[in-house]
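Structural characterization, general
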Amino acid sequence: MIMTEAMVVTEHARPHHNSLCCYHDRFIPGLASIVEAIKAHDCHVFGQLNHRGALLRRSVLNMEPVGPSAWKNPNTGDEVRPLAIPEIIEIQKLFVEAARRLCQAGYDGAQIHAGNGYLFQQFFTPRINRRTDCYGGSFDNRARFLIETIRRVRDALPDFPLIVRLSASEFTAGSYTEAEIIELAARLEHEAVAALDLSGGSNESPQLSKYCIQPPSFKRGCLGPYARPIKQAVKIPVFVAGRVVDPEDAEALLRDGCADFISVGRALYSDPHWCLKAFGRVNAPIRKCIACNLCFERLTLEKDVACVHNPMIGTEFEALERAEPQLFPALKTAVPKRVLVLGAGVTGIEAARAAASRGHRVEVWEKSATVGGQIPLAIAAPDKLEVEPVWTYRWEQVKALGVPVRTSTTATVKAIKAFAPDFVVVATGARPRPCPFDISGLDAAVRVLHAWEVLRDPAQIASAAAVTIIGGGMVGVETADLLTLQGVRCTIIEALDTVAGGMARNNRMELLDRLVARDTGILIGVTVEKARGTSLELRAADGSSRSIAIGDCLVNATGPEPDRDVVPLLEEAGVEYALAGDCYRPGDFLSCLRDAWMVALSVDHRFRNAGASGVHAP
């Protein structure tokens with residue numbers, strides 16, 4: 001079954017510019033087309049109906065935050081207006097009308113979203129609901145809004161199945177108890193709800209949202225222990241979500257008696273063919289979600305949903321024949337080309353996978369003795385081993401395709417000409433950037449290292465050492481996370497007004513909470529002018545200056561610079577090439593994999609015309 005998520009029941013409660021809407025009959029034909037497309041694949045479809053209530057944002061379509069009581073949205077600072085009883089009744093009717101539209105569009109049922117910090121949960125939790133009327137106070141009163149809504153929908157559509165999503169726990173003080181959520185589940189069963197779908201937390205803040213959209217530090221199937229007592233208390237089916245990355249995670253939850261059905265979300269962004277692969281209908285490895293939460297972050301920022309592991313999400317390139325071209329030998333290119341890939345990091349290996357799968361004759365050269373590029377750096381920090389599938393998924397396929405990967409191989413003009421490639425993918429990555437300020441006056445007793453050196457060998461810094469890290473991007477804060485875990489005292493200096501700005505906020509806030517708990521110093525909006533002796537001279541945005549002690553080691557984490565040393569050799573050899581990944585522009589896995597995939601797929605087009613020749617600008 002597919003659940004089309006977070007559908008809007010009123011034009012006054014749209015959470016995003018691109019929300020799926022269900023508040024007017026004019027949306028029924030469009031919804032029906034979605035249903036038709038889903039059911040063509042022997043799949044049921046339910047529609048999730050939602051009202052964000054107090055979590056509506058004035059900054060998005062000027063939506064007014066409303067809720068059970070006066071409150072302030074922690075994410076935005078927006079004041080929340082309490083709903084009057086007539087408004088509560090009107091919202092209940094809006095859910096009835098939205099469910100009717102789903103039924104008319106051909107949906108198999110509806111889900112009422114009463115979890116993750118949205119309106120129904122706001123009424124149920126005593127930490128937010130401070131009403132003194134019939135919708136506040138006692139358990140019965142706090143549950144009334146949801147129960148009455150369920151009854152109204154059931155009265156209007158008695159044969160239309162309803163599922164209710166709940167947060168099994170809010171994971172914060174002052175919220176409802178385990179006994180209360182179990183009692184609510186039992187009440188919903190009594191109201192003839194067809195099933196319960198369990199999530200956790202609240203999207204009101206990153207500290208609580210991480211229980212809805214979990215970072216990689218959370219265990220696989222993390223909500224299972226919270227779902228189990230609820231499942232044991234009811235006879236209707238129970239769904240559970242929460243860090244289900246591969247089929248084994250789902251099977252473990254079923255085996256442990258936590259649920260009857262498994263809700264899979266982000267894993268389907270990472271691999272839209274997850275289900276076919278799980279059931280053995282597609283013989284290819286699953287691209288495992290790495291919980292980077294870029295998808296959720298971009299949605300929150302009103303951008304298109306993207307996926308690090310699946311950079312072609314939402315395009316025609318997600319089709320199985322494009323995503324897994326090695327499975328379709330009949331669709332291989334009619335005119336195979338000789339493709340040389342320079343660099344055996346993630347970018348180069350992805351380009352090799354995609355090009356070889358299309359039937360091109362591919363070879364990879366790597367100047368170092370090992371493959372993987374920056375992958376060892378990416379997985380060095382705590383909880384980052386979950387990132388490894390970005391590499392292993394591609395490396396295993398390249399090996400299976402028989403692509404030669406030659407390590408300790410230096411590209412020279414002579415070697416390139418001898419190989420005679422039709423096309424070269426330059427994926428030589430990036431290298432550490434020199435320290436961006438004057439360190440000539442630094443005391444000889446202070447060690448200077450790059451963050452990459454530290455991530456490769458953190459043991460070279462003693463556990464009692466004091467370290468200053470220049471650069472508070474993702475590399476800088478992950479270096480601090482790794483070092484503070486082994487007892488090193490760290491201070492991070494960042495010129496911008498935030499640290500780890502490239503991380504999704506759920507992941508970032510959890511990491512920063514860990515650093516603060518370990519007494520990590522974080523200075524933002526500060527630039528380093530120079531090093532002198534054992535100190536750094538700093539200047540703040542307001543022009544004020546100060547000096548701080550460096551400690552035992554100065555770690556440069558100011559980011560890499562492109563490695564394009566091979567480009568003049570390619571120009572001299574007269575071969576056509578394109579830059580991909582960090583050697584084009586240092587970025588993240590998303591930009592590297594998108595570059596690699598698109599450059600590899602462009603090989604066919606580049607040589608479609610027989611007269612195509614010469615060196616093209618990258």
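Notes on the structure in this doc start here. Quick caveat, the model's predicted, so the values are computed rather than measured.

The rules behind these values
Residues numbered from 1 in each chain as written. Predicted model: local features only at pLDDT ≥ 70, side-chain atom pairs only at ≥ 80, totals over all residues. Heavy atoms only, no water. Pairing = 2+ DSSP bridges. Helix = DSSP H or I, 4+ residues; strand = E, 2+ residues; numbered from the N terminus. Phe/Tyr/Trp six-rings, centres within 6.5 Å; stacked < 30°, edge-to-face > 60°. Buried < 20%, exposed > 50% of the residue type's maximum accessible area, 1.4 Å probe, protein only. Lys NZ or Arg CZ within 6 Å of the ring centre and 35° of its normal. Expected span 1.5 Å × (residues − 1). Contact = heavy atoms within 4.5 Å. Disulfide = S-S within 2.5 Å. Arc of directions from axis to C-beta. Axes fitted to C-alpha atoms, helices over the stretch in contact; angles between N-to-C directions. Parallel < 35°, antiparallel > 145°, perpendicular 65-115°, else oblique. Left-handed = near helix turned anticlockwise from the far one by under 90°. Nonpolar A, V, L, I, M, F, W, Y, C, P; charged D, E, K, R; others polar. Core = buried A, V, L, I, M, F, W, Y, C linked by side-chain atoms within 4.5 Å.

Turning our eyes to something else, we now look at the sheet that holds strand β12 (residues 361-365). Strands sit in the order β13-β12-β11-β14-β26 across an open sheet of five strands; the sheet is parallel. Whereas interior strands pair on both sides, the edge strands pair on one side only; in this sheet they are β13 (405-406) and β26 (577-579). As judged from the four bridges shared by strand β11 (residues 338-342) and strand β14 (residues 423-426), these two strands associate in the parallel manner. Considered in β14, the bridge of Val339 is made with Phe423.

Turning our eyes to something else, we now look at the environment of Glu453. Tracing the sequence through the fold places Glu453 in helix α17 (residues 451-456). For the pair Glu453 and Pro432, spaced 21 residues apart in sequence, the C-alpha separation works out to 9.6 Å.

A few words now on the packing of aromatic side chains. The tally for this structure, following the rule as stated, stands at 13 aromatic pairs. Measuring from centroid to centroid gives 4.6 Å for Phe120 and Phe145, while their planes differ by 40°, and the two rings are tilted. Taken together, the residues span a long stretch of sequence, with Phe120 in helix α3 (residues 119-124) and Phe145 in helix α4 (residues 139-156) at a distance of 25 residues. In terms of burial, Phe120 and Phe145 fall into one category: buried. Ring pairs connect the aromatic residues Phe95, Phe120, Phe123, Tyr135 and Phe145, which therefore count as one cluster. When the ring centre of Phe419 is taken as reference, the NZ or CZ atom of Arg338 above it lies at 4.0 Å. The ring of Trp597 carries the charged tip of Arg353 above its face, separated from the ring centre by 5.9 Å.

Here the focus is helix α2 (residues 85-105). Its 21 residues place the ends of α2 31 Å apart at the C-alpha level, agreeing with the 30 Å of an ideal helix rising 1.5 Å per residue. Buried residues of α2: Ile88, Ile91, Gln92, Phe95, Val96, Ala98, Ala99, Arg101, Leu102 and Ala105, and no others. Summarising the contacts, the buried residues of α2 are in contact with β1 (2-8), α1 (28-39), β2 (45-50), β6 (109-113), α3 and α4. Trailing α2 by a residue or two, Gly106 shows a phi angle of about 100°, which is positive.

A full pass over the atoms with the stated rule returns zero disulfides. In this model Cys292 remains outside any disulfide bridge; the closest cysteine sulfur is found in Cys295, 6.5 Å from its own.

Here the focus is helix α5 (residues 178-190). For α5, built from 13 residues, the straight-helix expectation of 18 Å at 1.5 Å per residue is met to within 8% by its first-to-last C-alpha distance of 19 Å. Where α5 is concerned, the buried positions are Glu180, Ile181, Leu184, Ala185 and Leu188. Seen along its axis, α5 keeps its buried residues to an arc of 140°; they face one direction. Opposite the buried face of α5, at more than 90 degrees from it, the exposed residues are Glu178, Ala179 and His190. The inward-facing, buried residues of α5 contact α3, α4, β7 (162-167), β8 (195-199) and α7 (224-233). Note on α5: the residue one or two positions beyond its end, Ala192, has a positive phi of about 70°.

Our focus in this paragraph is the packing of helix α13 (residues 346-357) against helix α15 (residues 389-400). Between two packed helices, the angle of one axis relative to the other and the distance separating the axes together describe the packing. At a minimum axis separation of 9 Å, α13 and α15 run at an interaxial angle of 40°. Here α13 is positioned oblique relative to α15, judged by the angle of their axes. Regarding α13 and α15, the two cross each other, and that crossing is left-handed. Side by side, α13 and α15 meet where Val346, Ile349, Glu350, Ala352 and Arg353 of the first sit next to Val390, Trp391, Tyr393, Arg394, Trp395, Gln397 and Val398 of the second. Its residues assigned to classes, the contact of α13 with α15 shows eight nonpolar, one polar and three charged.

Positionally, Leu119 belongs in helix α3. What makes Leu119 buried here is its relative accessible area of 0%. For the pair Leu119 and Phe145, spaced 26 residues apart in the sequence, the C-alpha separation amounts to 9.5 Å.

With that settled, consider the nonpolar core. Grouped together as the largest cluster of nonpolar side chains are 64 residues, with contacts concentrated most on Leu49, Leu146, Val164, Leu166, Leu188 and Leu196. At eight residues, the largest contribution of residues to this core is made by α2. Discounting chain neighbours no more than four positions away, the residues touching Leu166 are Ala114, Gly115, Leu146, Ile181, Leu184, Leu188, Leu196, Asp197, Leu198 and Ser199. The next biggest cluster of nonpolar side chains, apart from the first, holds 39 residues, and it includes Ile290, Ala344, Ile375 and Val387.

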